[in-house]
Every structure is written in structure tokens, then in C-alpha cells.
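# Remarks on the overall topology
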Amino acid sequence: MATQGTLENFRAAATVAGATTVALSTPADIAAYIHRHSNGDILLPPCVSSSRLQLANELTAQGATVVTAISRETAAVAASGVTGVNFAIADTGTLVIDSTTETLRLASTLPEKHFALLDPRNIVADDRAAVALMQRFHQHQPRNYLAWITGPSRTADIERVLTIGVHGPRELHILLIENLADDPLEA
């Protein structure tokens, strides 16, 4: 489990990068937060974290429109996407997500808002601490996509004009959920 200092470092770095972090505990609270901040269809690709929370049922019960049949067309018009997070790096506020399946990549990169489900126990202090986890990923599945996400999508032109959300989500909401998943290989 991440120490309180590691968790606070992560929250500070993620905030500096433009993300919002919030600690939530019950599936109903998590669904309510997502529904309140999403104004349209919510992409919910299959992942251990959302299944464990029965998030599709919770979101539907709160009146949200959940899209589980994800395609490039549905992702292009969705308001938000929800994914699990394998682990995070405190000193940069970075999320690491096994994005081997296309539906996860679509949910985390196409809609304007990305909601990331993270167990604070899976936050490591720095990139050196992440090396062992990266080795586990490689041993488990030699060919995969790992997305490293630090804040909302951003780019700057030659005149240093920063633009948020050009190549991906304009908003990144990191939902810190205790006891969600203690194995960084599952998210």
C-alpha cells in the first residue's frame, strides 16, 4: 500500500498536471460522481475494476446512458469513458493502464472526459519503483499496449500557446477507491 506521503505526492503531481483527484468509497457514490460530471453517453469497456463495482448497474440506476458495445463510432460521440488503472507513479501523477484492448484505448482517448478508477495501494513512489511492475507486465504478456497518462491531453504550438484536449480528453478525473484491486496486473 502506498504511504500517506506517496498518496499526497501523487495527488499534488496529478493536480499540477491538470487532473482532478477525488476519494470515493461506495459504488453508488462512484456512479453518482461520474454521472454528475458526464453530460452524455458513458463508455464502459470491460475491466475488472468496473465489474467488481458493478458500475454499469449503478450508473444505469442513476439514470446514466452506459455504452458497453464500444466502437470507433460510439466512442467518437460519447461524453466520457471509464477505465481501470493498473498502477500510478506519484512523483509525476502518471497513470499506467494496460490498453491492449481497443475498447480501453477508445474509452481513455476519444471522449472529452476520462474517469480513471485507481486503488491507492497501486501507487508507487517514482519511475524506478515502476520498473518491477513493468517487468511483471512483460513476463505476463510480452506484447501489449501500456498507456502512460499524465493529466488531460495537451499540446503547445511554436508560440507556446497551450491547448487542452486536442488529441484526447479535456478532463481527467482520477477516482481513488480503497480496496478496489491490489494486483497491478488487473485493473
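In what follows, the structure referred to is the one given above.
The paragraphs below set out a description of the structure included in this document. For every chain, the first residue of the written sequence is number 1, and numbering continues from 1 onward in sequence order. Two thresholds apply to this predicted model, a pLDDT of at least 70 for residue-level local features and 80 or more for giving and counting side-chain atom pairs, whereas whole-chain, interface and lining totals are computed over all residues. Side-chain descriptors were evaluated using all non-hydrogen atoms of the structure, hydrogens and water having been removed beforehand.

### Side note on the pattern of salt bridges
Salt-bridge detection follows one rule: a side-chain nitrogen of Lys or Arg within 4 Å of a carboxyl oxygen of Asp or Glu. Across all of its chains, the model carries 6 salt bridges by this definition. The salt bridge involving arginine 121 is made with aspartate 119; its shortest N-O contact spans 2.7 Å.

### Section: the sheet that holds strand E6 (residues 94–98)
Spatially, E8-E5-E6-E9 is the arrangement adopted by the 4 strands of the open sheet, whose pairing is mixed. For this open sheet the edge positions go to strand E8 (123–124) and strand E9 (146–149), each flanked by a neighbour on one side alone. Throughout, a contact is declared for two residues whenever any of their heavy atoms are within 4.5 Å. Note on method: axes are straight lines fitted to C-alpha atoms, helices fitted across the in-contact stretch only, with angles between N-to-C directions ranging 0 to 180 degrees. For the purposes of this entry, the term helix denotes a DSSP run of H or I that reaches at least four residues, the term strand denotes a run of E that reaches at least two, and both are numbered from the N terminus. Its contacts with the sheet put helix H7 (residues 127–140) on strand E5 (87–89), E6, E8 and E9, and the angle it makes with E5 is roughly 155°. By the convention used here, strands pair only if DSSP detects at least 2 bridges between them.

### Quick notes on unusual backbone geometry
At glutamine 54, a position not held by glycine, the phi torsion is positive, near 50°. With respect to the element layout, glutamine 54 can be found in the loop between helix H3 (48–53) and helix H4 (55–61). Positive phi, normally seen in glycine, also occurs at asparagine 179, with a value near 60°. Locating asparagine 179 in the fold gives a position in the segment after strand E12 (171–177). Relative accessible area serves as the criterion here: at 57%, asparagine 179 is assigned to the exposed category. Here the term buried applies to any residue with accessible area under 20% of the maximum for its type, exposed to any over 50%, and partly exposed to those in between, with areas from a 1.4 Å probe on protein chains only.

### Quick word on the packing of aromatic side chains
In summary, the pairing rule links any two rings of Phe, Tyr or Trp, Trp by its six-membered ring, whose centres are within 6.5 Å, and it sorts them by plane angle into stacked for under 30 degrees, edge-to-face for over 60 and tilted for everything else. On inspection of all chains with the given rule, the structure shows 2 aromatic pairs. Seen from their ring centres, tyrosine 33 and phenylalanine 115 are 6.3 Å apart, and the 85° between their planes marks the pair as edge-to-face. Residue tyrosine 33 is found in helix H2 (residues 27–37), and its partner phenylalanine 115 is found in strand E7 (residues 113–118); the two are separated by 82 residues along the sequence. Judged by relative accessible area, tyrosine 33 falls into the buried class, the value being 7%. Overall, the relative accessible area of 0% leaves phenylalanine 115 in the buried class.

### A short note on H7
The length a helix should cover is 1.5 Å for every residue beyond the first. With 14 residues, H7 ought to run about 20 Å at 1.5 Å a step, and its terminal C-alpha atoms sit 20 Å apart, in line with that. Residues of H7 that are buried include every one of Ala130, Leu133 and Phe137, and no others. Tucked inside the fold, the buried residues of H7 contact E5, E6, E8 and E9. By the N-cap criterion, in which a side-chain oxygen at the helix start approaches the backbone nitrogen of a residue two or three places on, H7 is capped by aspartate 126, the distance to arginine 128 being 3.2 Å. For this analysis, a polar contact is any N or O atom pair within 3.5 Å, provided that within protein one partner can donate a hydrogen and the other can accept it, and provided that sequence-adjacent residues contribute only side-chain to side-chain pairs.

### Some points on the sheet that holds strand E1 (residues 20–24)
Taken together, the 6 strands give an open sheet; going across it, the order is E1-E12-E7-E4-E2-E3, and neighbouring strands pair in parallel fashion. Because the sheet does not close on itself, it has two edges, and the strands there are E1 and strand E3 (66–67). Direction of pairing for E7 relative to E12: parallel, over a ladder of 6 bridges. By the bridge assignment for E12, phenylalanine 115 is matched with histidine 173. With respect to the sheet, H2 is in contact with E1, strand E2 (42–43), strand E4 (80–84), E7 and E12, its orientation differing from that of E12 by roughly 170°.

### So, the environment of proline 142
In this fold, proline 142 is placed in the loop between H7 and E9. On the accessibility criterion, proline 142 (55% relative accessible area) is exposed. In this structure the C-alpha to C-alpha distance between proline 142 and aspartate 41, which are 101 residues apart in sequence, comes to 34 Å.

### Comments concerning the pairing of E7
Regular strands show a simple pattern: their side chains alternate between the two faces of the sheet. The buried fraction of E7 is high, at 6 of 6 residues. Side chains Lys113, Phe115 and Leu117 project from E7 onto one buried face, and the interleaved His114, Ala116 and Leu118 project onto a second face that is buried too.

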